[in-house]
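Fold and contact review
One letter stands for each residue in the lines below.
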2 protein chains.
Amino acid sequence: MTLQNFFEYIDQHKGDCIKRLAEIVAIPSVSAEVGKREDVIRMGVWIKTELERLGAETKRVDPGMQTIDGQEIPYPPVILGSLGNDPNKKTVLVYGHYDVQPALQADGWSTDPFTLTEKDGRLYGRGSTDDKGPVLGWFLMIDAHQKLGLELPVNIKLCFEGMEESGSEGLDEVIEQEAGGWFKDVDCVCISDNYWLGRNKPCLTYGLRGVSYFRIVVTGPGADLHSGVFGGAVHEPMTDLVHLMSKLVTPQGRILIPGLMDEVAALTEEEKATYETLDFSVEDLQSSIGAKNNIHQDVPSILMARWRYPSLSLHGIEGAFYSPGQKTVIPAKVSGKFSIRTVPHMTVDKVTELVCEYVKKEFSKLGSKNQLLVECMHAGRPWMSSPNHWNYVAGAQAVKKVFGVEPDLTREGCSIPVTLTFQEVLNKNVLLLPVGACDDGAHSINEKLNVTNYIEGIKLLGAYCHELATVEKTD
Amino acid sequence: MTLQNFFEYIDQHKGDCIKRLAEIVAIPSVSAEVGKREDVIRMGVWIKTELERLGAETKRVDPGMQTIDGQEIPYPPVILGSLGNDPNKKTVLVYGHYDVQPALQADGWSTDPFTLTEKDGRLYGRGSTDDKGPVLGWFLMIDAHQKLGLELPVNIKLCFEGMEESGSEGLDEVIEQEAGGWFKDVDCVCISDNYWLGRNKPCLTYGLRGVSYFRIVVTGPGADLHSGVFGGAVHEPMTDLVHLMSKLVTPQGRILIPGLMDEVAALTEEEKATYETLDFSVEDLQSSIGAKNNIHQDVPSILMARWRYPSLSLHGIEGAFYSPGQKTVIPAKVSGKFSIRTVPHMTVDKVTELVCEYVKKEFSKLGSKNQLLVECMHAGRPWMSSPNHWNYVAGAQAVKKVFGVEPDLTREGCSIPVTLTFQEVLNKNVLLLPVGACDDGAHSINEKLNVTNYIEGIKLLGAYCHELATVEKTD
């Protein structure tokens, strides 16, 4: 009995695998809608029942009540599972989420979003790729092993939540509570909730940027003023704010806050080389952004700008006129919002300190009599793992077994906060092992998962467990 | 029979004058509300009936239908009146409006806004000062002359509209149509629809600034982007826009558009002297703006900045994030709105040309691949009259007769478009002769008209007619 038998089994049961996915795509587990909360909970119960059918021990944790639109409704449960506790095997913790983004056919879907529809090798449906397909992949992988009488080579702990699309409310507390309990023996973590860099080549993802979100508030007159009556006589908060915002970043994306770039990890020759061979092109970027206004002209520069260097984006202004048409008001109080995507070794405190100091200094240069407030509204740290860790080695060998290629080593520019929580609370390595392709449209209309990504993805999760079992554990 | 008899008559009938004002404040002629349109029309009919009672010829002009909130309702009528056609007398055209701003007691009014309430010498009620008090002043002045058997020393044409608070829709057409008809013999125009500079001293107003409203549109990616995923890789429209907006004006209000200030009329010693003696203080400004963030520290500089120099205000940005909280989006298309208050001898075309040329040049310096559009969305010219004109001389002598002081000569920073229309279509001098005080709160809660301003105002309108009759007509 070999891994090959498992691969063949999955190929032979392709139709069943798709049918099972259709079954859960049909449950509209939209966590953002009050009216769908019952469906989210139903989906959580489905997960628990299915885990038990596979022989897993389970635990349902209910994080309490949520007030949404003035209504009190229960949070969906976090479902924990445990399969095997052989002290001679490694233990991998698998995370996924069973809630989905909202979807209405009226938004422009070509098919009913909650009816999985196969067309041209693609499985269209809300949650197909984010994250029901990958979650079900783990179940089908385990099921295939059991049907084949093939022993699972690792112990598996599972953690599935139903609030990922709505801020993962309550999850951190569960992870902290269970660190010494349900998650006690975990050796490494695997999350399949991101995407390949391109459409054709699998990847392992080992880094995510953090984010520090700021606001600059400038307060002037006691109330909004008529610009005809008072224009020219008062220091206008909008003028001050726009001057300050123009001092933060250049049109070429260069951050102007002194000292900030000193915090960025130096680029090594080894890391630089990893950007040369990735399955990505300038055209891929232009197709994603729907324009040709890219700053950089070569792939390594583009990807480094998105993954390993900080960026600063100006999001907007609260308190000023924002509607179409014309309004001739001098706003009394305006609040400019911007965020900095952070990377190793930037720290939240240092970034806040540098930004606030600089903005205050620039404001003092303006010679305005208005009042300034600058503050960090929210901050999440960057996450980075080592692609040389045995967890990644197992992932890379699994990719090679299933796809016959070395995976791309990627990072992403955005944040997946649970990744950092797992790494820090459990102090274990986290591998991001995506199943879907870059064009799956996770949060868009016509979300899809390619049949090949799905089927080969199930094989990948199985192969990863087998590689985990044999790789040398060096920590 | 002298003017003194008229003054005494008004003093003796103070109670009646207030009672009459209460009668029309009780008609909630709010032009902005569909549900109150019948009341606005009722108020127009009241005006017409009252004019006829005074023996005036009248004409009702209905400007047609308005679509508001998807409903078709008639525009309120423009009511024209004519009293006297003695070719040996001068003919003055009086303009006013009988509609009012919306008002709800729930907004914070201390009393019912549509019940005129006298307290501490103040008449509280919506429309008391804007503009029912001054409009009724003309009627009561005429009525007093008739009761006293005192001949009106001028022919009076009257023009009252019911859409002033909602853009004066249809009025310009009526003025143009009647230029050679109802308004044929007009020698000068008088409008009582603005306010004293302070609380204590009457004024004549001889200038208003114009306004040119612009937008700068920067377009980048095909759709809004996730700042985590794409931050650092694309030229962000918000960055470009904020850089451009910061190049327009300094925090001290200095306009940075080259050539723009060259268009401004030079300050003469004579004009400069007029700012020295005005009834205004730095504290008056600070009290109006509810703060101490005034740019200038002396009265002449403050008033010149508001009246005779241009100003540039940044109003806001359309298309960017404007809500409380945080959103990490790179907006695909943003539109920055700003306006320039214009003064003699700036022309609409020259201002547009200088602004567009400059913004385009500054954009080209940014080295961005985004797309730029800059355009003037709307423009109204400044208005200026000569305070030496015989119409103003009559006004000033009238103030001296009633108040015993020389009036302040003021301008205002905002626009009253009908002023310019009358001046240009009829080619006659327009005098702004305010009745109310600076703190009347025309568009606010607790709008009021002081009893003294009202009573002395009625006298002022009468005295003005008498002075008009005797002043030498030099044009």
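These numbers were taken from a predicted model, which means no experiment stands behind them.

Topic: the interface of chain A and chain B
Across the contact, 75 residues belong to chain A and 75 residues belong to chain B. Surface buried jointly by chain A and chain B totals about 6000 Å² across both partners, of which 55% is contributed by carbon and sulfur atoms. On the chain A side of the interface with chain B, the three residues burying the most area are Pro251(A), Asn293(A) and Tyr322(A), jointly 11% of the side's total. Our count for the chain A to chain B interface comes out at 0 salt bridges. Viewed at the interface, chain B and chain A are joined by 49 residue pairs in polar contact (both at pLDDT 80 or more). At 8 residues, strand E13 (residues 311–318) of chain A tops the list of elements feeding residues into the side of chain A that touches chain B.

Some remarks on the UniProt feature "binding site: Mn(2+) 1" (unreviewed entry) in chain A
Residue and element names in this part refer to chain A. UniProt records the feature "binding site: Mn(2+) 1" (unreviewed entry) at Asp130, Glu165 and His443, using the numbering of this structure. In sequence the annotated residues extend across 314 residues, while in space they remain close, none of their C-alpha pairs exceeding 9.7 Å. Summarising the element assignment, Asp130 is placed in helix H4 (residues 128–148). Residues in contact with Asp130, not counting those within four places in the same chain, are His97, Asp99, Val100, Glu165, Asp193, Tyr195, Ala442, His443 and Glu447. Within the local environment of Asp130, its side chain forms a polar contact with the side chain of His97, the two groups lying 3.0 Å apart. The residues contacting His443, other than those within four sequence positions of it, are Gln101, Arg126, Asp130 and Glu165. Polar side-chain contacts of His443 include one of 3.3 Å to the side chain of Gln101.

Things to note about the confidence of the model for chain A
Here chain A shows a mean pLDDT of 95. Residues at 70 or above account for 100%. Across the whole predicted complex the pTM is 0.89, and at the interface the ipTM reaches 0.90.

Here's the deal with the relation of the copies chain A and chain B
When chain A is fitted to chain B, the residual RMSD is 0.1 Å, and the transformation amounts to a turn of 180 degrees plus an axial shift of 0.1 Å. On this basis, the relationship between the two copies can be described by a two-fold rotation axis. In terms of C-alpha distance to the rotation axis, chain A has Val242(A) as its closest residue, with the C-alpha 2.9 Å off the axis. Residue by residue, 100% of the interface of chain A is reproduced at the interface of chain B, so both copies engage with the same surface.

Points about the domain arrangement of chain A
All names here are of chain A. Each assigned domain of chain A is listed with its residue range as follows: domain 1 (3–208 + 382–470) and domain 2 (210–264 + 309–380). In this structure, domain 1 and domain 2 have C-alpha centres spaced 39 Å apart. With 7 residues of domain 1 at the contact, the number on the domain 2 side is 8 residues. Summed over both sides, the interface of domain 1 with domain 2 buries roughly 490 Å², with 59% coming from carbon and sulfur.

A short note on the UniProt feature "active site" (unreviewed entry) in chain A
All names here are of chain A. Those places that UniProt annotates as "active site" (unreviewed entry) correspond, in this numbering, to Asp99 and Glu164. Over a stretch of 66 residues, the named residues converge on one spot in the fold, their C-alpha atoms separated by at most 6.7 Å. Locating Asp99 in the fold gives a position in the loop between strand E5 (91–97) and strand E6 (117–119). Judged by relative accessible area, Asp99 falls into the buried class, the value being 0%. Residues contacting Asp99, with those up to four places away along its chain left out, are Ser29, Ser31, Val40, Asp130, Glu161, Gly162, Met163, Glu164, Glu165 and Ser166. Following the sequence through the fold, Glu164 ends up in the loop between strand E8 (155–161) and helix H5 (171–178). Ignoring anything within four residues of it in the chain, the contact list for Glu164 reads Tyr95, His97, Asp99 and Asp193. Within the local environment of Glu164, its side chain forms a polar contact with the side chain of His97, the two groups lying 3.4 Å apart.

Observations concerning H4(A)
Residues and elements named next belong to chain A. Helix length check: H4, at 21 residues, gives a terminal C-alpha distance of 26 Å against a target of 30 Å (1.5 Å per residue), a shortfall beyond 12%. The element H4 is extensively covered by neighbouring structure, given that 18 of its 21 residues are classed as buried. Downstream of H4 by a residue or two, Gly149 has a phi angle that is positive, lying close to 70 degrees.

Scoring rules and cut-offs
- Residues numbered from 1 in each chain as written.
- Chains lettered and ligands numbered in written order.
- Predicted model: local features only at pLDDT ≥ 70, side-chain atom pairs only at ≥ 80, totals over all residues.
- Heavy atoms only, no water.
- Contact = heavy atoms within 4.5 Å.
- Buried area = accessible area lost by both parts, 1.4 Å probe.
- Salt bridge = Lys/Arg side-chain N within 4 Å of Asp/Glu carboxyl O.
- Polar contact = N/O pair within 3.5 Å; in protein donor to acceptor, adjacent residues only side chain to side chain.
- Helix = DSSP H or I, 4+ residues; strand = E, 2+ residues; numbered from the N terminus.
- UniProt positions renumbered as here; feature names shortened; annotations may be inferred.
- pLDDT = per-residue confidence, 0-100.
- Least-squares fit on C-alpha atoms with pLDDT ≥ 70 in both.
- Domains from an automatic or database assignment.
- Buried < 20%, exposed > 50% of the residue type's maximum accessible area, 1.4 Å probe, protein only.
- Expected span 1.5 Å × (residues − 1).

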